[in-house]
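Listed below are the residues making up each chain.
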Amino acid sequence: MHKRPDLKVHLLSITLLLALLSGCTGLKSVGDGRHLYSGQVMEIDSVQFLDDSSEAKEELYGLISEKPNKKFLWMRPALSLYNILPEPKKETGFRHWLKYTMGKPPVFIEDINLPNTTLAIENRLQNRGNFNARASFAVVEKAKTAEVKFSVSPGKPYTLRTIHYPDTLEQGINSDIGTLLPGSLIKKGKPYNLKDFENERIRIDGLLKEKGYYYFKPDYLLFTADTAIGEHKINSWLKVKPGIPAEAPIAFRLNNIYIFDDYSLGSSKPDTVKIGNYFYVSEKHLFKPQTILGVVFLEKDSLYSRTDHYNTLRNLMGIGVYKYANARFKPDDSLTGRMNVNLFLTPVKKISLSAEMSAAIKSNNFAGPGLNLIYKNRNLFAGAELLTLSLGGSFETQVSGESKGQTSYQVNLDGSLALPRFVPSILGRKTSRTYVPKTIFAGGFGIYSRVNLYKMNSFNSSIGYSWRRNERISHLFRAIEASFTNLTETTAEFEDYLNENPTVRKSFEEQFIVGGSYTFVNSNFHFNSRKHVFYLSESIDLAGNLLSLVTRFTEESWATAENQHKIFGLPYSQFINLRSEFRYLLNLNRKSQIAWRFIGGAALPYGNSTTIPYIRQYYVGGTNSIRAFIARSLGPGTYSSTDSLNNSYIDQAGDIKLETSIEYRFDIYKYFKGAVFADAGNIWLVNEDPQRPGGKFNPNTFYKEIAVGSGLGFRFDFKIIVLRIDLAFKLRKPYLPEGERWVFNDLDLGSKSWRRENILWNIAIGYPF
């Protein structure tokens, strides 16, 4: 007979639990005369005297760098962990990490220099024009905690009445500074702010750098102020400091420009040839001089310009043949106001051969190795042309499941030739000189085989142009793209499937594509240390329109689904495809961030086509998509097949895609990181397919057909490579009857069949986005 625990046992358990929780406050270890710092309160008696009060308050609150020990409810878990752990013997290792990373030492108010903080508050307010600011503090103590209360009186701010720049009628640098007054950051009537004066010096220095003042610095500018005029007004004067270096106030013009196109530290005997106004110095004569000179914007007799200086170095590195590019400027001893320039260019190796090995473990139980061999010639015709050839292949076998032992493989041979200029050159007349444009010729051949199902051969070629407008905005325009994919072999089983699904058959057959595409990218991801980081990609893909015009005259009619036109005996595809992707990264601090991604795409067949080619359709699921669902197994819409062949091998694809993911990423220990994530999305068809009921997109109901998954992730971030393991489980299944699609209530971790159906391990290289 089972005996119920008596009241004494319950009371003892509750007492032990309360004792444990009370110890989590972290106050037990606080000694006499010591108080845990619990925070600060700041009372400002005249907020109206603060210019941009929210920014000012944020600045003042940040003057105490120490933060209170974090609390959860009444507990301080990190402090309690620090208190109970013994001091580690080493300053590295797990014990040190546990005590000093997971745990946090106590922050005592007695260790905070509050008088200095008070002076800092007054100083910051004075820098903002509140010259009569006053601040004081009082400590409010409790038994073992204390907070500090600051009382702040900013006082009425001083505003700028007049701003005097050097007269433009003066000589030399003073005249050039005087012309910069109209764009000044310092405005009459605005409150004084030290940051405005500092930023104004930087602005003036930047503009002087475009006027030849190579040796000038912001510190050589001096602002003086007079507050004696009363009424909280200021008169300000700008002048050049006395005693600056002799070359600083001189506007230098460029004299002799030497270009060393294959510079090295070793001894050499180069040849020097004068080409136009340049001295071209070369020993091995690796490059055509016009290729190098074409991206040099420094010109003889012109005033030094920092923009031309930096653009020259950026473009020299951008053509892809140099490891280093340095410019050295030196005054000409024989000519006052003249400087000579040496451009030292160190080439990279012309030819490189590399190999990339990979291993894939996919959510559909396929696993196998991959190999890619890459050959690069960075100076094919001595004009910095980049030839890239790659030969790759992979082999996969299903290691478990109903079709264990089934295999697939693919082999690809791809090549591209990138020229560091537009061809023809007339196309590049209005592009930015800041970045090197490229003309790209590309082509490739591939063999794709699903053993016991089908084999496909593919050919592709394109001519395109890539260029940048600035650091954030780039463009890729493929003027001509042509691809052909041919289903060369099929098994009887796969033929039966195609016969039962005529729409899928047409997507395999209509894969002769001729068209063009354009992609616009706006991104600051290369500044990933910023708090807000984003990536936006918009693309449009058009196919079949040019061929449609040609066949309009040869066939004397427009192409339709009922009257398909052919080129070389093959029906060509005609469609428009629009795709948008947005990523956003919020860096909460150095150790945690929130990442979000949205993808939307829609492909519409028309004219000569009723379906989108198989290779251009959308899919969802897998390690970089909705991770709770097997790759390419979800959708379209509410459709779900019970056919084992369909479920195991046939990719479920559609014409419309909506997908979003969000992750909270955080550091755990050194290179070991964690994540909590959620994914949602689906694919749909544009046209009804009787063999895939529920697959057509309906603007009134699509939101009811969204699949949702969530999970936990672990990442080993070694900087050069990231190994990712994501454990994902299904939350919403769109293929279930409406009203039963959320599956929270079906959770059964103890059931092996439930885990096999609802939980997926995703192992991949790199972050999902």
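That block above? That's the structure.
Here the structure is a predicted model, which means the values were calculated and not measured.

Asker: How should I be thinking about the overall build of the chain in this particular structure?
Answerer: For the chain, the helix and strand inventory stands at 14 helices and 29 strands. In terms of overall dimensions, the chain is more spread out than a globule: its C-alpha atoms have a radius of gyration of 35 Å, far above the 27 Å expected for 769 residues. The 769 residues of the chain split such that 41% are buried. Put simply, of all contacts in the chain between residues at least 6 apart along the chain, 63% involve residues at least 24 apart. For the chain, the accessible area works out to roughly 41,700 Å², and carbon and sulfur atoms hold 57% of it. Seen as two clouds, the 95 positive and the 75 negative side-chain charges of the chain have centres 5 Å apart.

Asker: Explain unusual backbone geometry here, please?
Answerer: What is expected of a backbone is that most residues other than glycine have negative phi and most peptide bonds are trans. Each neighbour pair has its own omega, and for Val 423 with Pro 424 the value is 0°, a cis peptide bond. You can see Pro 424 is positioned in the loop between β15 (407-419) and β16 (438-450). Cis rather than trans, the peptide bond between Gly 635 and Pro 636 has omega equal to -5°. The topology assignment puts Pro 636 in the loop between β24 (592-605) and α13 (644-648). Despite not being glycine, Asp 52 shows a phi value in the positive range, around 55°. Tracing the chain through its elements places Asp 52 in the loop between β1 (36-44) and α2 (53-61).

Asker: How should the layout of surface pockets be read in this particular structure?
Answerer: Left-over empty space is what a probe sized like a water molecule reveals as it rolls over the atoms. Of the voids in this model, the second largest pocket is the one considered here, and its volume is about 910 Å³. Among the elements of the structure, α3 (77-84), α4 (94-102) and β25 (656-669) are those that each provide at least two residues to the lining of the second largest pocket. If you tally residues by element for the lining of the second largest pocket, the top one is β25, at 5 residues. Its residues assigned to classes, the lining of the second largest pocket comprises 14 nonpolar, 5 polar and 9 charged.

Asker: I'm lost on the side chain of Ser 449 in this one. Help?
Answerer: Summarising the element assignment, Ser 449 is placed in strand β16. Judged by relative accessible area, which is 8%, Ser 449 ranks as buried. Apart from the residues within four sequence positions on either side, Ser 449 is in contact with Ser 408, Tyr 409, Tyr 454 and Lys 455.

Asker: So what exactly am I meant to see when it comes to the sheet that holds strand β2 (residues 134-141) here?
Answerer: Strands in a sheet are paired, the pairing made by backbone hydrogen bonds, and the direction either parallel or antiparallel. Taken together, the 3 strands give an open sheet; going across it, the order is β1-β3-β2, and neighbouring strands pair in mixed fashion. A strand with exactly one partner marks an edge of an open sheet, and here the two such strands are β1 and β2. Between one strand axis and the next, the sheet turns by 20° as a mean value, whatever way the strands run.

Asker: Help me understand the nonpolar core in this model?
Answerer: Judged by nonpolar contacts, the single largest core of 27 residues is most densely connected at Leu 254, Ile 259, Ile 292, Ile 319 and Phe 329. If you list the elements that add at least two residues to this core, you get β7 (253-260), β9 (278-282), α8 (289-293), α9 (306-318), β10 (322-331) and β11 (338-347). In contact with Ile 292, not counting residues within four places along its chain, are Ile 259, Tyr 280, Phe 287, Leu 316, Ile 319, Tyr 322 and Leu 345.

How each quantity is defined
Residues numbered from 1 in each chain as written. Predicted model: local features only at pLDDT ≥ 70, side-chain atom pairs only at ≥ 80, totals over all residues. Heavy atoms only, no water. Helix = DSSP H or I, 4+ residues; strand = E, 2+ residues; numbered from the N terminus. Rg over C-alpha atoms; globule rule 2.2 N^0.38 Å. Buried < 20%, exposed > 50% of the residue type's maximum accessible area, 1.4 Å probe, protein only. Contact = heavy atoms within 4.5 Å. Areas by Shrake-Rupley, 256 points an atom, 1.4 Å probe, with all protein chains shown as cover. Lys, Arg positive; Asp, Glu negative; His and termini not counted. Charge placed at Lys NZ, Arg CZ, Asp CG, Glu CD. 1 Å grid on protein atoms, 1.4 Å probe; cavity = no way out; pocket = protein on both sides within 12 Å on 5 of 7 lines; lining within 4 Å. Points joined across faces, edges and corners; volume = space filled by probe spheres on them. Nonpolar A, V, L, I, M, F, W, Y, C, P; charged D, E, K, R; others polar. Pairing = 2+ DSSP bridges. Axes fitted to C-alpha atoms, helices over the stretch in contact; angles between N-to-C directions. Core = buried A, V, L, I, M, F, W, Y, C linked by side-chain atoms within 4.5 Å.

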